Structure formats: C-alpha cells, structure tokens
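Below are the chains, spelled out letter by letter.
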Amino acid sequence: MKHPPLRHSVIALAAVLLAGCTSLTPEQNLTDVQQLTEGRTAGTSVTLQRNKREIDDAVAELLKSPLTAESAVRIALLNNPGLHSALAQLDISDAQRVQAGRAPNPHVSIAEYAEGSKLEIERVLRFDVVGLLFLPWKAKWQGQQHELAKLQAAQQVIVLATDTRKAWINTVAAQQTVAYLGQVKEAAEAGAELARRMARVGNWSKLQQAREQVFLADAAAQLARAQQTLFSEREKLTRLMGLWGTQTQFTLAQRLPDLPPQAADMQDVEARALRERLDVRSAVAETGYVADSLGMIKTVGYLNGLTLAYKNANISDSAAGTNDIKHGWELELPLPIFDWGTARNARAQALYMQSATRVRDVAVKARSEAREAYHGWRTTYDLARHYRDEVVPLRKAISDEVLLRYNGMLASVWDLLGDMRQQVMSVNNAIEAQRDFWLADADLQLTLTGTSPGTLARPRSSGSSMATASQGH
C-alpha cells in the first residue's frame, strides 16, 4: 500500500502558515500613537520622529527663538530619551505580536538501533498540535496586548507633554518672580542706606534703623530662594526636553500667557473624562480581552502537550540481505490524572475579576479627578482674575496717590519706599495666581483627555514673610 508522501503535506502546510505571517510595523506604531494623542499633547500638535538627524535639526531650529510653552513641548516630544525608550518598548511589543503569529517549528529526531546484524534507523517528525490549532487565537491575543501597549505609550506621550508644559510655566513664573524680588531688594537697600545716614546724624532711632535692616536681610534671603527655585525649575525643564551642552543656554519667554477672556462652563467633565481618557479606554479594552481568553485558556489546558508525530524506520539485516521500511503516525496526549487544571482556571477567573474591578476603580478615580481638576481650574481662574482686575489696579492707584503726596511734600520718602514694596509684592502675588491657573489648566486637560494626573496642582499661598514685614513697617 502506497502512502502519500509526507513532505508534500508539510510543504503545503508551511506555505499556508507563511502566507499568514505578519510583519513588523515600526512606523505604523508611531502613526497609531500619534492618532491616539491628537489633541491631547498640552495644546501642541507634534509629529513623533525617530531619525536622529531630523530631530537634532528640528530642536536646533526651535532653540533659536525664546522658548514658548508650545516649542518646549515640541522639543520634549522629539528629544526626550525616556520617550524614545517607551517607543522602543512599543517596538518590543510589536515583535512579540509578530512572533505570536508564527507557527511553532516542528521537531526532527533521528535514532539508530543495532542488534547483531540488524540496523534500525528511525526518523521522527513531531508537530505541536496545540500550537498549530490555537495559532490564530495566540496571534489575536498578542495583537490585543499590542493595542494595550499603544494606549500605554500614548499615555506616556501625553504625560510628558503635560509635565513639560507645567515645567515651562513654573520656570517662567520663577523668572518673573526673581525680577520683581530684585526690585524689592533694591528698594530695601535704598531704605537701609537712608536709615543708616539718618541714624548717624541723630534723626532716626536704632529701632527704626533695625527695621529697615531686617527688611533688607529678608529681601536678600527671599531673592536667593527665588533664584534657587528658578535654577531648579529650569533644570527640570532642561531634563524633560532632553537638552545638554550648549543647548542648555536656551532663552525663555519673558512672561506667562494672559488669562482667557472668559472661563468655560464645563458641565460634562465626568462624562468627558469617561469618554476620552486613555486609561479608561485601556482598562475597558483589557477587561474585554481577558473575558475573551477565559474559554480558550480552559480548552488549551485540556489539550496542553498534545503532539502529533510521523515516524519512519528503515530496518536492514546485513546477514539476511533484507531492508524493510516502516512508517506511521503517533499521537501523544497527557492524561489529566494529577492536574485537572483547577488552579489554572481559577487563576484565569481571578484575572478577569481583577480586570473588571480595575475598570470600576479607574472610572471612580476619573470621575473624582475630573471634578477636582475642574474645581481647581475655576478657583485659580477666579483668583488670578481677582488679582488682575482688583488687587493690582487698586495697588497702582494707591501708589499714584502716594507719589502725588510725596511730590506735594505731604508724604515722606519712607511712605514712598514702603508703598513701592507693597506694589511689587502685589504684582508678584498676581504672577503666582496666574501661574497657578495655567498649572491647573494643564492638569485639567490631562485629566479630561489623557490619564490620571496623580497629585493635582493646588494654589500656593501667595505672599511671603516680606509682605508681613512690609505691612508692619
């Protein structure tokens, strides 16, 4: 009886499997992440790139002008080493996806047995039946994992963009603060020098001179702290942008952006967060994938270890001058005597429950964070507008009146210096309120469209001990 040649069947099977093989798509990965992050990168549209020369050229061009928040975010998303590492991790996931679509290699074994004048040569071609049968499911599952990896990479892009925007806001605000505190220190130096001269000629008491000197000392300390804050914030921004060497000598915009004319009334922040946040989408997708895999895990568990082998043996007897050929099939299946798969199935069920619970957890956090972020955004907007429209104009009006009285010999130079200190401190508080609003705005955008911002920025208490010292003067 003639059997069909095995090699023809193997070749046909290999051709079918190879035809269904997927290929690596590194550029498509970038495109997909780009689409996921569109409209979510801190108000800046950025094209992700891998080419080092193109990145260097783009960064050099952006550094020619004073850095705005948009240009800082562009540089970070082009040049940040951590982001490139995350994109490389996405390529690893892509490689795993492609590998999962490849059929397991067959095993070939050759054995030789000798008995007297008899010689037997056995050849075995063994296939992993489970690997072949469930190849489509494995490819689908790994493809799902790759989609989750894209969502994770997109969240990292969004977080980097937001962190960079916030670092730019803090740096520019610190730069403005240093400038205004420098004016405070100059006024304090003038007052201390005048007090020293008046005390020397007996027209000023030791107590009054000491007050001026302590104000100068406090002003110098506050300026030193502000300069250190500026240095730290600038270095943080430098790290996020991935700059080094001469690139760190970049210049910044002189001031923060103006406040929006009106505060948007957002009534649907919770629904928007649930609809647009990528971490919510990732949690929901992961739960669906785990649910799809439950039945397959149970089935694979029963068939795990199933192999199919084709055997061919050539038996030759040199004494009898015979040469016999034997061939046939062998099916190997493990017997579920000791392990019935209960632990494996329990693990799969627990994984599903864990993913379902995570969806609820992410949804609860998203709702709460959206409410908190919007409340913080609205509060900081009202405070910043209050300083801009009420406090600063009133302080300027007071300063104008004091100057008129000084010119009319109705106010002393001490009144003039004290008022100038108060005015500068009010302007500095207005800068802090404006900074807090833009930080809250960055957190709000991240919370509604990206992922959890972690600890939301909160308005810092405006003013310092210098304000107290000025009021007590």
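Because the structure is a prediction, the values reported are computed rather than measured.

Calculation notes
- Residues numbered from 1 in each chain as written.
- Predicted model: local features only at pLDDT ≥ 70, side-chain atom pairs only at ≥ 80, totals over all residues.
- Heavy atoms only, no water.
- Phe/Tyr/Trp six-rings, centres within 6.5 Å; stacked < 30°, edge-to-face > 60°.
- Helix = DSSP H or I, 4+ residues; strand = E, 2+ residues; numbered from the N terminus.
- Buried < 20%, exposed > 50% of the residue type's maximum accessible area, 1.4 Å probe, protein only.
- 1 Å grid on protein atoms, 1.4 Å probe; cavity = no way out; pocket = protein on both sides within 12 Å on 5 of 7 lines; lining within 4 Å.
- Points joined across faces, edges and corners; volume = space filled by probe spheres on them.
- Nonpolar A, V, L, I, M, F, W, Y, C, P; charged D, E, K, R; others polar.
- Axes fitted to C-alpha atoms, helices over the stretch in contact; angles between N-to-C directions.
- Parallel < 35°, antiparallel > 145°, perpendicular 65-115°, else oblique.
- Left-handed = near helix turned anticlockwise from the far one by under 90°.
- Contact = heavy atoms within 4.5 Å.
- Core = buried A, V, L, I, M, F, W, Y, C linked by side-chain atoms within 4.5 Å.
- pLDDT = per-residue confidence, 0-100.

Details of the packing of aromatic side chains
Phase 1: Tallying each qualifying case throughout the model produces 5 aromatic pairs.
Phase 2: Taking the centre distance of 6.2 Å and the plane angle of 15° together, the rings of Trp377 and Tyr381 count as stacked. Here Trp377 pairs with Tyr381, and both are found in helix α11 (residues 342–407), just 4 residues apart, close to one helical turn.
Phase 3: Judged by relative accessible area, which is 2%, Tyr381 ranks as buried.
Phase 4: Judged by centre distance (5.8 Å) and plane angle (45°), the ring pair of Trp377 and Phe437 falls under tilted. Residue Trp377 is located in helix α11, and its partner Phe437 is located in helix α12 (residues 413–449); the two are separated by 60 residues in the primary sequence. Each member of the pair Trp377 and Phe437 is classed as buried.
Phase 5: Taken together, the ring pairs in this structure connect Tyr374, Trp377, Tyr381, Phe437 and Trp438 into an aromatic cluster.

Let's talk about the layout of surface pockets
Phase 1: Taken as a whole, the largest pocket encloses approximately 430 Å³ of empty space.
Phase 2: Around the largest pocket, the lining comprises 20 residues; the ones closest to its centre are Trp141, Gln145, Val290, Ser293 and Leu351.
Phase 3: Residue assignment for the lining of the largest pocket shows that the elements contributing at least two residues are α7 (135–200), α10 (278–303) and α11.
Phase 4: Examining the composition of the lining of the largest pocket, we find that 7 residues originate from one element, α11, more than from any other.
Phase 5: Residues belonging to the lining of the largest pocket are distributed by class as follows: 10 nonpolar, 5 polar and 5 charged.

A look at the packing of helix α4 (residues 69–79) against α7
Phase 1: Direction vectors running N to C along α4 and α7 enclose 140°, while the axes themselves pass 9 Å from each other. Between α4 and α7, the angle is such that the two are oblique. Regarding α4 and α7, the two cross each other, and that crossing is right-handed. Contact residues: α4 offers Ala69, Ala72, Val73, Ala76 and Leu77, while α7 offers Val157, Leu160, Ala161, Thr164, Arg165 and Trp168.
Phase 2: Across the contact of α4 with α7, the residue classes tally to 9 nonpolar, 1 polar and 1 charged.

With respect to the packing of helix α2 (residues 26–37) against helix α5 (residues 81–100)
Phase 1: Where α2 meets α5, the axes come as close as 10 Å, and the angle between the chain directions of the two elements is 120°. Judged by the inter-axis angle, α2 sits oblique to α5. Read as a crossing pair, α2 and α5 show a hand that is right-handed. Residues Pro26, Asn29, Leu30 and Val33 of α2 touch α5, and the partners they reach there are Leu87, Leu90, Asp91 and Asp94.
Phase 2: Of the residues belonging to the contact of α2 with α5, the class tally is 5 nonpolar, 1 polar and 2 charged.

Some details on unusual backbone geometry
Phase 1: Although it is not a glycine, Ala42 adopts a positive phi angle of roughly 55°.
Phase 2: Within the secondary structure, Ala42 is located in the loop between α2 and α3 (52–62).
Phase 3: Looking at Ala42, the relative accessible area reads 14%, which means it is buried.

Description of the nonpolar core
Phase 1: Ranked by internal contacts, the top residues of the largest apolar core, which has 69 residues, are Leu67, Leu77, Trp168, Leu237, Met241 and Phe250.
Phase 2: Ranked by the residues each element gives to this core, the list is headed by α7, at 13 residues.
Phase 3: In contact with Leu77, other than residues within four places in its own chain, are Thr41, Val46, Leu48, Leu83, Val157, Leu160 and Ala161.
Phase 4: Counting residues in each nonpolar core, the second largest holds 10 residues, with Leu181, Val184, Leu223 and Val424 among its members.

What about the confidence of the model for the protein chain?
Phase 1: The predicted model of the protein chain has a mean per-residue pLDDT of 80, with 83% of residues at 70 or higher.
Phase 2: Every residue in residues 1–13 scores below 50 in pLDDT, and together they form 7 contacts with partners more than four places removed in sequence or on other chains.
Phase 3: Every residue in residues 461–473 is under pLDDT 50, and counting partners more than four places away or in other chains gives 27 contacts.

A short note on empty space enclosed by the protein
Phase 1: Here the structure, examined in full by the defined rule, presents 1 cavity of 30 Å³ or more.
Phase 2: Quantified by volume, the largest cavity comes out at close to 30 Å³.
Phase 3: Every residue lining the largest cavity is listed: Arg40, Ala42, Thr162, Arg165, Ala442, Gln445 and Leu446.
Phase 4: Residue assignment for the lining of the largest cavity shows that the elements contributing at least two residues are α7 and α12.
Phase 5: Looking at the lining of the largest cavity element by element, the count peaks at 3 residues for α12.
Phase 6: Partitioning the lining of the largest cavity into residue classes produces 3 nonpolar, 2 polar and 2 charged.

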